[in-house]
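# Secondary and tertiary structure notes
The residues making up each chain are set out below.
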Amino acid sequence: MKLTLCIAMVMTSAVASVAQVYNNFLEAGKYAFADKDYVLSEYFNMEALRQIPADSIADRYIAHNRLRNVANAGGAFDKALAHANECLDIIRDSGIGDSYMLMEDYIMMAIVHAGMRDSLMASHYVDSARQQISDPATNTAYRKKFATMAGIVYSRIGDWQRAEAAYREATELARRYKPGEDTAMTLNLYGNTLFRNDRYADALGVYEEQCEMSRNLFGEDSKEFQWANYCIANARAYMGDITGGIGVYEKVIRWYRDKIVNDMRSMPESERQAYLDNMIDILQNAIPFGIEAQHNCDEFTRIAYDNLLLSKGLLLATEKSTDAMIRHSGDAENVAMLDSVKTMRGRLTEMLARPNAEPVEILNLYARIKTIDVILANACAANGNNMSFAAVDYEAVKAGLKEDEILLDFADFKPKSKPRQYVCYVVRRDQKYPEVRYICNGNELDSLLALEKHRWSNLYSGEAAEDMAKIVGRPLKEIINGFRKVYYVPSGIFHKLAIEAIPEGEGVMCDVYEFKRLTSAREIVARHDEQVDLNARLYGGLDYDDIEIPAGKIPAGAVGSGRLERLLRSGEEVCEISGMLDRHVLLTDDKGTEESFMEMSGNSPSVIHVSTHGFYYSPDDPDRPASLQGYNDAMSLSGLVMSGGNAGWLGIVPSKGLLTAEKVARCDLSGTGIVCLASCHSGQGEVTSEGLYGLQRAFKKAGVETMVLSLWEASDNATKCFMTNFYSDLLNGSRNRHSAFEFARRQVRERFPLPFYWAGFVLVE
């Protein structure tokens, strides 16, 4: 951590120097790559390449080499191929490379083609690489490196027999040397291929050799040793020794849990994602491991569920806990740094999206972010435990349930040679262990969605609804049997499903069961007061044109998005709601600006209501509005349009009036109990193993307890009906947020019976 801080400080000061500034960009690109921020790493390395003089051949080679690796890691294989060709051209034309360098570049070219699923060209470049080390006098280390990398290529194109042969050769060569980290890795790759080829006994022997080597090299308290034991557990289980495999695996995952909880306490925010990518799979693999071993309701099931409970939303929980700890520490300087680094991150994202941004300014900003990140991590570690939420386990969740309540915590995984599987862990007060139950496979849902042309709202009417009842409804009904109140935590595609609207008997599932959607089962332990003090801020009836846009002056990039029109029902909606409230601020016309929203940070009301246009785009969506064309992350591609938003929407004034999820996440809205977003697509986002990235995550990160969102495009009339009835019941009826939500949805359903109108509304805690 201190090293990161020192280098960041050196980087900042070094940028002022004119000589070889590109080295600073190369260094920053290396840090960004380590953090798996491939967009930023590509930017820094490209800027370095632009600044490297034409006669600095070696440095140009280094830049292209790194850009190839960045693009390959990010799945941008066309870019990776272009940079791989540049590397080869530089070596051929300049003569700076020897046979070993050519071998490596040919192999990297093969890896790129393997990523493109071009097995013919991948094999061709493996053969070209082999020719570079064909001389019998070639250094053994070079031959081992070639064999290992060839194994990687063959694995990626699915040629497991040749992969096994390559790794066998690499292993035999590695055994000639004094054991080291690369030897243990080679053994692991060889064992994995044997395992993939169903040679479990042979794989077990190799894993045991790897394990003993790792014990001697790194000790038992090391990832290398624990990973080798994890592989041993899998091999034993597949050989039929379920008990032996489970016994080893239990120790491994306990170690990984403790390791994650300990390391995350003092880790800078920018490094957490890359760290967890390398660690979290081992915990979540307990789910398919237990299922394959037919441990569906026992001690191992409990261990697997505790892993799911920890890992689901782990980054979000850590970020929220860290923010809260810093804000409550009483250190005003640290709080100021926390707010400033959030603003800096947003500014960095915006600058990267602008083609005319000043590179040195971006570099300096990145260095400051890295520096403050380390300072805050140290401060947080000194002030307490930001991982205290990790103590919430199965027993705590079970104790948080009432006798008539049941929890369904969904999980998904991709087993060997099978479609993605969806299961759920069932938690009840009357059972000793959680029970894991099968729901469906992903292919069934994907096929159904494809038939409905990916319109999510179509899944609850006609033949599609009947299919949903069979695929999802039937197993859920069998699981819920006997319970009325159902908590559930989505996973994967279930984030985008309205299971409440699936047919059941003569009605739908929410007629029979009372569903409550959670972002994490931890919410059951930290239940909020059902009633809310209604001090509200209302946004609606917004004017999106605060500047004159002459005819013919709309940028070409705006084609397909178009000018946004005022939502007439939105003004009626917020005016009617405001008439019910004693304490409120009403912001309409040109007053509902993005700035007025951001000003609430640190002093937010108990209720925030926003009625406006919402948006969510994927990074490859060609219909994005002009001002979102440069962005590549879900948090910048989802949001709400505020007053004056057409200037930003059409790209006339960059990002003006566009309240993105990234901006919302910067705020401190911990004083807010309910956020109601009367907007299309407000419940959508990018589905990840961490959860749903979009407005839902943004408001939860900002500290909001409960959100009312829409899973798809919302009808103006239906939305007005829902929202006015929601507040009416909240104020004058049940005075309970969940009851008010159910009441409002029933009122919409009575007026507009089709699921399109009412089923998209969800309440999320």
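Remember, it's a predicted structure, so these values are computed and weren't measured experimentally.

Before going further, it helps to spend a moment on the overall build of the chain. Tallying secondary structure elements over the chain gives 32 helices and 18 strands in all. Computed over the C-alpha atoms, the radius of gyration of the chain is 28 Å, within 12% of the 27 Å expected from 2.2 N^0.38 for a compact globule of 765 residues. Taking the principal axes of the C-alpha coordinates as reference, the chain spans close to 90 × 65 × 55 Å. Per-residue burial for the chain yields a buried fraction of 56% across its 765 residues. Within the chain, contacts between residues separated by at least 24 positions form 71% of all contacts whose residues are at least 6 apart in sequence. Accessible surface computed for the chain: about 31,400 Å², of which carbon and sulfur atoms make up 49%. Across the chain, 84 positive and 106 negative side-chain charges occur, with their mean positions spaced 2 Å apart.

Moving on, we get to the state of the cysteines. All chains considered together, the criterion is met by zero disulfides. With no disulfide of its own, Cys231 lies closest to Cys211 among cysteine sulfurs, the gap being 9.6 Å. The exposure class assigned to Cys231 is buried, which follows from its relative accessible area of 4%. Cys721 takes part in no disulfide bond, and the closest cysteine sulfur to it belongs to Cys676, at a distance of 14 Å. The class of Cys721 is buried, set by a relative accessible area of 5%.

A few words now on the packing of aromatic side chains. On inspection of all chains with the given rule, the structure shows 34 aromatic pairs. Judged by centre distance (6.2 Å) and plane angle (80°), the ring pair of Phe597 and Phe699 falls under edge-to-face. Residue Phe597 is found in helix 26 (residues 594–598), and its partner Phe699 is found in helix 29 (residues 695–701); the two are separated by 102 residues along the sequence. For the pair shown, Phe597 and Phe699 are each scored as buried.

What follows is about the nonpolar core. In globular proteins that are soluble, nonpolar side chains generally tend to be buried together. Ranked by size, the top nonpolar core spans 165 residues in total, and within it Tyr305, Leu407, Leu408, Phe494, Phe597, Phe699 and Phe726 carry the most contacts. The residues contacting Phe726, other than those within four sequence positions of it, are Ile674, Cys676, Val708, Arg737, Ala740, Phe741 and Ala744. Among the nonpolar cores identified, the runner-up in size contains 32 residues, and Tyr100, Ala114, Ala129 and Met149 belong to it.

What follows covers the packing of helix 25 (residues 568–580) against helix 30 (residues 716–732). Contact geometry of helix 25 with helix 30 gives a least axis separation of 9 Å together with a crossing angle of 5°. It follows from the interaxial angle that helix 25 and helix 30 lie roughly parallel. Contacts between helix 25 and helix 30 pair Arg569, Glu572, Glu573, Glu576, Ile577 and Met580 from the former with Asp716, Asn717, Thr719, Lys720, Met723, Thr724, Tyr727, Ser728 and Leu731 from the latter. Across the contact of helix 25 with helix 30, the residue classes tally to five nonpolar, four polar and six charged.

What follows covers the packing of helix 6 (residues 99–115) against helix 8 (residues 140–156). Think of two packed helices as two axes; the pair is described by the angle between the axes and how far apart they sit. Between helix 6 and helix 8, whose axes approach to 9 Å, the crossing angle comes to 10°. Viewed along their axes, helix 6 and helix 8 adopt a mutual orientation that is roughly parallel. Contacts between helix 6 and helix 8 involve Tyr100, Met103, Glu104, Ile107, Met108, Ala110, Ile111 and Ala114 on the former and, on the latter, Tyr142, Lys145, Phe146, Met149, Ala150, Ile152, Val153 and Arg156. Its residues assigned to classes, the contact of helix 6 with helix 8 shows 13 nonpolar, no polar and three charged.

With that out of the way, let us pick up the pattern of salt bridges. Enumeration according to the criterion identifies 53 salt bridges in this entry. Ionic pairing is found between Asp306 and Arg302, a salt bridge with its closest N-O pair at 2.9 Å. In this pair, Asp306 and Arg302 both sit in helix 16 (residues 299–311), four residues apart, roughly one turn of the helix. For the pair formed by Asp306 and Arg302, the shared burial category is buried. A salt bridge links Arg429 to Glu403; the nearest nitrogen and oxygen atoms lie 3.9 Å apart. Of the two residues, Arg429 sits in the loop between strand 2 (421–427) and strand 3 (435–441) while Glu403 sits in the loop between helix 20 (394–400) and strand 1 (405–413), which places them 26 residues apart along the sequence. Given the relative accessible area of 60%, Glu403 is considered exposed. Each of the salt bridges in this network shares a partner with another, and the network as a whole consists of Glu269, Glu319, Arg345, Asp373 and Lys701.

Examined against the element boundaries, Leu376 turns out to sit in helix 19 (residues 359–383). Residue class for Leu376 comes out buried when judged on its relative accessible area of 6%. Separated by 39 residues in sequence, Leu376 and Met337 place their C-alpha atoms 7.8 Å apart. With residues up to four places along the chain from it excluded, the contact list for Leu376 reads Ile326, Asn334, Met337, Leu338 and Val341.

So, on to the pairing of strand 15 (residues 685–688). Pairing of strand 15 with strand 16 (residues 691–694), which is carried by four bridges, proceeds in the antiparallel orientation. In the sheet register, Glu686 faces strand 16, and the bridge partner there is Tyr693.

Our next topic: helix 6. Each α-helix turn comprises 3.6 residues. Residues three or four places apart therefore point the same way. With 17 residues, helix 6 ought to run about 24 Å at 1.5 Å a step, and its terminal C-alpha atoms sit 24 Å apart, in line with that. Just past helix 6, the residue Arg117 takes up positive phi, approximately 60°.

For the rest of this paragraph, the subject is the sheet that holds strand 12 (residues 638–641). Across the sheet, which stays open at both edges, the three strands sit in the order 11-12-13 with antiparallel pairing between neighbours. In this open sheet, the two edge strands, each paired with only one partner strand, are strand 11 (614–616) and strand 13 (658–660). Geometrically, the sheet is characterised by an average inter-axis angle of 25° between neighbouring strands, direction not taken into account.

Here the phi dihedral of Arg117 falls at roughly 60°; this positive angle occurs in a residue that is not glycine. Tracing the backbone shows Arg117 in the loop between helix 6 and helix 7 (119–132). Assessed through its relative accessible area of 66%, Arg117 is described here as exposed. The phi dihedral of His454 is positive, around 60°, even though this residue is not glycine. Within the secondary structure, His454 is located in the loop between helix 21 (442–451) and helix 22 (462–480).

So, about the confidence of the model for the chain. Chain-level pLDDT for the chain is 89 on average; 95% of the residues reach the 70-or-more range. Low pLDDT, under 50, characterises residues 1–19; the predicted model gives this stretch 33 contacts beyond four residues in sequence or across chains.

Take Asp35: it is sitting in the loop between helix 2 (22–34) and helix 3 (38–51). Spatially, the C-alpha atom of Asp35 lies 37 Å from that of Ile499, the residues being 464 residues apart in sequence. There is a polar contact of 2.8 Å between the side chain of Asp35 and the side chain of Lys370.

Attention now moves to helix 4 (residues 57–73). Spanning 17 residues, helix 4 covers 24 Å between terminal C-alpha atoms, matching the ideal 24 Å at 1.5 Å per step. Every buried residue belonging to helix 4 is among Asp59, Tyr61, Ala63, His64, Asn65, Leu67, Arg68, Val70, Ala71 and Asn72, and all of these are buried. Residues of helix 4 that are buried sit in contact with helix 2, helix 3, helix 5 (77–94), helix 6 and helix 8. Positive phi appears at Gly75, one or two residues downstream of helix 4, with a value of about 80°.

This next bit is on the environment of Arg368. Summarising the element assignment, Arg368 is placed in helix 19. Spatially, the C-alpha atom of Arg368 lies 8.5 Å from that of Met344, the residues being 24 residues apart in sequence. Those residues in contact with Arg368 that lie beyond four places of it in its chain are Met344 and Arg347.

The rules behind the values
- Residues numbered from 1 in each chain as written.
- Predicted model: local features only at pLDDT ≥ 70, side-chain atom pairs only at ≥ 80, totals over all residues.
- Heavy atoms only, no water.
- Helix = DSSP H or I, 4+ residues; strand = E, 2+ residues; numbered from the N terminus.
- Rg over C-alpha atoms; globule rule 2.2 N^0.38 Å.
- Buried < 20%, exposed > 50% of the residue type's maximum accessible area, 1.4 Å probe, protein only.
- Contact = heavy atoms within 4.5 Å.
- Areas by Shrake-Rupley, 256 points an atom, 1.4 Å probe, with all protein chains shown as cover.
- Lys, Arg positive; Asp, Glu negative; His and termini not counted.
- Charge placed at Lys NZ, Arg CZ, Asp CG, Glu CD.
- Disulfide = S-S within 2.5 Å.
- Phe/Tyr/Trp six-rings, centres within 6.5 Å; stacked < 30°, edge-to-face > 60°.
- Core = buried A, V, L, I, M, F, W, Y, C linked by side-chain atoms within 4.5 Å.
- Axes fitted to C-alpha atoms, helices over the stretch in contact; angles between N-to-C directions.
- Parallel < 35°, antiparallel > 145°, perpendicular 65-115°, else oblique.
- Nonpolar A, V, L, I, M, F, W, Y, C, P; charged D, E, K, R; others polar.
- Salt bridge = Lys/Arg side-chain N within 4 Å of Asp/Glu carboxyl O.
- Pairing = 2+ DSSP bridges.
- Expected span 1.5 Å × (residues − 1).
- pLDDT = per-residue confidence, 0-100.
- Polar contact = N/O pair within 3.5 Å; in protein donor to acceptor, adjacent residues only side chain to side chain.

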